[in-house]
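Descriptive analysis of the structure
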Amino acid sequence: MKSEIQLEGIKFWVDENIIYCKINSDFIIDNQKKDIEEIFYNGISLLTQRKYMPMLINMEQISSSNSIKIFKILAQSQSVRGLILSQIFLVKSIGLKVCLIIHNIIKKPFFINKICDDFDVAVKYCNMDNKVFNSLS
């Protein structure tokens, strides 16, 4: 299954039971917290049709400061969390990865977020989450 939509600077698609999100470099400039949550909620809702899947958010193309802003919003978003199994963030550097991990520990977000700087590792996390979920259901 592969379907795709574009909402306000974010490309969403589902492939092999993973929700992929790729954020354009100018996304955060035009959007506020409420808008960002709404865009993610709408994108996920349109693609998944109430089927729980992990979400891999690719933030490699955006600046570190914008990555942190988006991470903070999504890490605390109960509305987005209600639609997905897990959030895996793909970042462009080890430094940013460490920064987000520290934020995760300090702020104790709504649920555990995984942060990766390697695409293959991120996909493995997604596949593992699917496997665990499907073995329990």
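As a starting point, this report considers the structure included with it. Counting of residues starts from 1 at the beginning of each chain's written sequence and follows it residue by residue. Confidence filtering applies because this is a predicted model: local features only for residues at pLDDT of at least 70, side-chain atom pairs given and counted only at 80 or more, and all residues used for totals across whole chains, interfaces and linings. Side-chain measures were taken over the full set of non-hydrogen atoms in the model, leaving aside hydrogen atoms and water.

**Focus: unusual backbone geometry**
Most peptide bonds take the trans configuration, and most residues that are not glycine carry a negative phi. A positive phi angle is found at Glu8, which is not glycine, with a value near 45°. Among the structural elements, Glu8 can be located in the loop between strand E1 (2–7) and strand E2 (10–15). Any residue under 20% of the maximum accessible area for its type is buried, any over 50% is exposed, and the rest in between are partly exposed; the area is computed with a 1.4 Å probe on protein chains only. A relative accessible area of 56% places Glu8 in the exposed class. Although it is not a glycine, Gln49 sits at a positive phi angle of roughly 50°. Strands here mean DSSP runs of E at least two residues long; helices mean DSSP runs of H or I at least four residues long; both are numbered from the N terminus. Looking at where Gln49 falls in the secondary structure, it is placed in the loop between helix H1 (33–48) and strand E4 (55–58). Given a relative accessible area of 66%, Gln49 falls into the exposed group.

**Quick look at H1**
In this model H1 runs 23 Å from its N-terminal to its C-terminal C-alpha over 16 residues, within 8% of the 22 Å that 1.5 Å per residue would give. When we look at burial in H1, the residues that qualify are Ile36, Glu37, Ile39, Phe40, Gly43, Ile44, Leu47 and Thr48. Axial view of H1: buried residues confined to an arc of 160°, hence all on one face. Residues of H1 that are exposed and point over 90 degrees away from its buried face: Lys34 and Leu46. To estimate the expected span of a helix, subtract one from its residue number and multiply by 1.5 Å. The directions considered for the arc are those from the helix axis to the C-beta atoms.

**Looking at a negative patch on the surface**
Taken together, Glu8, Asp26, Asp30, Asp35 and Glu38 make up a surface patch of like negative charges. Checked against the element boundaries, Asp30 lands in the loop between strand E3 (18–23) and H1. Judged by relative accessible area, Asp30 falls into the exposed class, the value being 60%. Patch criteria: residues need more than 30% relative accessible area and no salt bridge. Like-charged residues are merged within 9 Å; nonpolar side chains of Val, Leu, Ile, Met, Phe, Trp and Tyr are merged within 5 Å. Under the convention used here, a 1.4 Å probe and the Shrake-Rupley method define accessible areas, while residue burial counts only the protein chains that appear. We count a salt bridge whenever a side-chain nitrogen from Lys or Arg sits within 4 Å of a carboxyl oxygen from Asp or Glu. When charges are counted, neither His nor the chain ends are considered; positive counts come from Lys and Arg and negative counts from Asp and Glu. To locate a charge, take NZ of a lysine, CZ of an arginine, CG of an aspartate or CD of a glutamate.

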